[in-house]
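Descriptive structure summary
Each chain is listed here by its residues.
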Amino acid sequence: VLVKRRPGTPTVAAGLFFRGGVRNQTADNTGIEAFTLNAATEGSKAYPRQKLRKETSSVGTVLSAGANYDFSVLALACTKLSFDNSWKLFVDVALNPAFAVEDVERVRGNFLTGLRSQTDSPEGSLEVLNDSVLYAGHPYANDPQGTIANITKLKPADLIAYHRRMIETSRMLLV
């Protein structure tokens, strides 16, 4: 755990970082880490989607997730005044995500829209082609956001199983 205190700042930011990024994935499951973390932010067992959204919006808390080639993160941003309540939400989302079918499907739709638009422009097509040639045989050949085929086939049970493997203290850093 790394902590940097900023006494004069009215906000708190926290990130639960997961080591490895695309090194944790294969061509057959690339995108699962980003998909899992984004689906986790939709709701937890104690805070289903509607309750979580009501709680976060009432105090201005933001829960988000991201993934790149080297790491993934589950993030929290809130005011100092709402930190205690926001921290409870963050911890429950990190440890007990619900992976409700409708939440997984909503996130899947967002991912697929983004993946389909990657090649909408000549620049986007060139970037996708460039990465596949430049990183052939290397873990960076796997896009952290996945592929249309992978994201389409992943089920809530796959995300639950992957989440269980992610929550390993040797892979996590809380900042």
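Summary of the structure given here. (Residues numbered from 1 in each chain as written. Predicted model: local features only at pLDDT ≥ 70, side-chain atom pairs only at ≥ 80, totals over all residues. Heavy atoms only, no water.)

Side note on the layout of surface pockets
- The computed volume of the largest pocket comes to approximately 450 Å³.
- In terms of lining residues, the largest pocket is bounded by 17 residues, among which Val3, Lys4, Val12, Ala13 and Val175 are the most central.
- Counting residues per element, the ones that place at least two in the lining of the largest pocket are strand S1 (11-19) and helix H3 (83-95).
- The element that contributes the greatest number of residues to the lining of the largest pocket is S1, accounting for six residues.
- Taken together, the residues of the lining of the largest pocket sort by class into 11 nonpolar, two polar and four charged.
- Quantified by volume, the second largest pocket comes out at close to 300 Å³.
- Lining the second largest pocket are 15 residues, and of these Tyr69, Gln118, Val128, Asp131 and Asp143 lie nearest its centre.
- Class assignment for the residues of the lining of the second largest pocket results in five nonpolar, seven polar and three charged. (1 Å grid on protein atoms, 1.4 Å probe; cavity = no way out; pocket = protein on both sides within 12 Å on 5 of 7 lines; lining within 4 Å. Points joined across faces, edges and corners; volume = space filled by probe spheres on them. Helix = DSSP H or I, 4+ residues; strand = E, 2+ residues; numbered from the N terminus. Nonpolar A, V, L, I, M, F, W, Y, C, P; charged D, E, K, R; others polar.)

Considerations on the nonpolar core
- One finds Phe35, Ile151 and Leu159 to be the most contacted residues of the largest nonpolar core, which totals 31 residues.
- Counting only elements with at least two residues in this core, the list comes to S1, helix H1 (32-40), strand S2 (62-67), strand S3 (71-79), H3, helix H4 (101-117) and helix H7 (156-166).
- Examining the composition of this core, we find that six residues originate from one element, H1, more than from any other.
- Those residues in contact with Leu159 that lie beyond four places of it in its chain are Ile32, Phe35, Thr36, Ala39, Phe99 and Val104. (Core = buried A, V, L, I, M, F, W, Y, C linked by side-chain atoms within 4.5 Å. Buried < 20%, exposed > 50% of the residue type's maximum accessible area, 1.4 Å probe, protein only. Contact = heavy atoms within 4.5 Å.)

A few points about the packing of aromatic side chains
- Enumeration over the complete set of coordinates arrives at six aromatic pairs.
- Summarising the aromatic geometry, the rings of Tyr69 and Tyr140 are spaced 5.0 Å apart at their centres and angled 50° between planes, so their arrangement reads as tilted. In this pair, Tyr69 sits in the loop between S2 and S3 while Tyr140 sits in the loop between helix H5 (122-134) and helix H6 (148-153), placing the two residues 71 residues apart along the sequence.
- Measuring from ring centre to ring centre gives 5.4 Å for Trp87 and Phe90, while their planes differ by 35°; the resulting arrangement is tilted. In this pair, Trp87 and Phe90 are both assigned in helix H3, three residues apart and thus about one turn of the helix distant.
- Take Phe90: its relative accessible area is 3%, and that puts it in the buried class.
- These aromatic residues form a ring-pair network of at least three members: Tyr69, Tyr135 and Tyr140. (Phe/Tyr/Trp six-rings, centres within 6.5 Å; stacked < 30°, edge-to-face > 60°.)

What is shown is where atoms sit, not what they do.
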